[in-house]
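Architecture and fold: a report
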Amino acid sequence: MLTESIERVSQQLGQQLKSKGWTISSAESCTGGGVAFAITSVAGSSEWFKQSFVTYSNDAKQSLLGVRQEVLMSFGAVSQQTVEQMASGCALKSQAEIGVSISGIAGPDGGTEDKPVGLVWFGFFINGDISTEKQIFSGDRHQVRLQAIEFALQQTSQRIS
């Protein structure tokens, strides 16, 4: 279920993309397709949404998005380097102007001292430029995932405005 704020930012992002004539695709791990669900909840989103890659496993990140095994081995799936490759692979494979990627630890297990539960990395590929953001969210698994979805949509909207 989407929150009102996620619905609102999805609408806004859709309007921005439509006005620019741009398309977007997503590459998601811990959010399991939530960004794609939010975007496609907007009527008419087929005009600006290309596709989604739910790459939960490292194998999927490699085979579908071209994330290099060396990156996964050296830095892990939840890292700046991985989301950079996820975002660019997503955009290039779908031929979209924008690729948004998310990889994190939603919990309740899986966290470490260096990578705690709630840590989420985001990658943004926008017309060839790549940027990343790291956030640490609090709450249970569901709350972390919702916050990550909203953050990804908000940041994408801000970056293209």
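Our structure is the block above this text.
Residues numbered from 1 in each chain as written. Predicted model: local features only at pLDDT ≥ 70, side-chain atom pairs only at ≥ 80, totals over all residues. Heavy atoms only, no water.

Looking now at helix α3 (residues 58-65). Along α3, the residues that are buried comprise Ala-60, Lys-61 and Leu-65. Along α3, the residues classed as buried sweep out an arc of 100° about the axis, all on the same side. More than 90 degrees from the buried face of α3, the exposed residues found are Asp-59 and Ser-63. Residues of α3 that are buried sit in contact with β1 (24-28), β2 (49-54), α4 (69-75), α5 (80-94) and β3 (98-104). Following α3 by one or two positions, Gly-66 has its phi on the positive side, about 80°. (Buried < 20%, exposed > 50% of the residue type's maximum accessible area, 1.4 Å probe, protein only. Helix = DSSP H or I, 4+ residues; strand = E, 2+ residues; numbered from the N terminus. Arc of directions from axis to C-beta. Contact = heavy atoms within 4.5 Å.)

Of the consecutive residues Gly-107 and Pro-108, the connecting peptide bond is found in the cis state with omega at 5°. With phi around 55°, Gln-95 is a residue other than glycine that occupies positive phi space. Here Gln-95 shows up in the loop between α5 and β3. A relative accessible area of 63% places Gln-95 in the exposed class.

Tallying each qualifying case throughout the model produces three aromatic pairs. Where Phe-122 meets Phe-137, the ring centres are 6.3 Å apart and the plane angle is 85°; that geometry is what we call edge-to-face. Residue Phe-122 is found in strand β4 (residues 119-126), and its partner Phe-137 is found in the loop between β5 (129-136) and α6 (141-160); the two are separated by 15 residues along the sequence. For the pair Phe-122 and Phe-151, a centre-to-centre distance of 4.7 Å together with 50° between the ring planes defines the contact as tilted. Taken together, the positions of Phe-122 in strand β4 and Phe-151 in helix α6 put the pair 29 residues apart, joining distant regions of the chain. Ring pairing ties together the aromatic residues Phe-122, Phe-137 and Phe-151, which thus form one cluster. (Phe/Tyr/Trp six-rings, centres within 6.5 Å; stacked < 30°, edge-to-face > 60°.)

Since the α-helix turns once every 3.6 residues, residues separated by three or four places project in the same direction. Helix length check: helix α1 (residues 4-20), at 17 residues, gives a terminal C-alpha distance of 25 Å against a target of 24 Å (1.5 Å per residue), a fit within 8%. On its buried face, α1 sits against β1, α2 (34-40), β3 and α6. Just downstream of α1, Gly-21 is the residue with a positive phi angle, here 70°. (Expected span 1.5 Å × (residues − 1).)

To continue, consider the pairing of β1. With five of five residues buried, β1 lies mostly within the body of the structure. Residues Ile-24, Ser-26 and Glu-28 line one face of β1 and the alternating positions Ser-25 and Ala-27 line the opposite face, and both faces are buried. Here β1 runs beside β2; their pairing, made up of four bridges, is parallel. From the neighbouring strand, Glu-28 faces β2, where its bridge partner is Val-54. (Pairing = 2+ DSSP bridges.)

To continue, consider the side chain of Ser-29. Relative to the helices and strands, Ser-29 is located in the loop between β1 and α2. Discounting residues that sit within four places of it in the chain, Ser-29 has contacts with Thr-55, Tyr-56, Lys-61, Ile-102 and Ser-103.

Inspection of the entire model under this criterion finds three salt bridges. Between Arg-68 and Glu-70 there is a salt bridge, with the nearest N and O atoms lying 3.5 Å from each other. Overall, Arg-68 belongs to the partly exposed group, its relative accessible area being 46%. A salt bridge links Arg-159 to Glu-133, with the shortest nitrogen-to-oxygen separation between them at 3.1 Å. (Salt bridge = Lys/Arg side-chain N within 4 Å of Asp/Glu carboxyl O.)

A few words on the side chain of Ser-26. For Ser-26, the position within the fold is in strand β1. Side-chain polar atoms of Ser-26 contact the side chain of Ser-52, separated by 3.2 Å. Setting aside residues no more than four positions away along its own chain, Ser-26 makes contact with Val-35, Ala-36, Phe-49, Gln-51, Ser-52, Phe-53, Cys-90 and Val-100. (Polar contact = N/O pair within 3.5 Å; in protein donor to acceptor, adjacent residues only side chain to side chain.)

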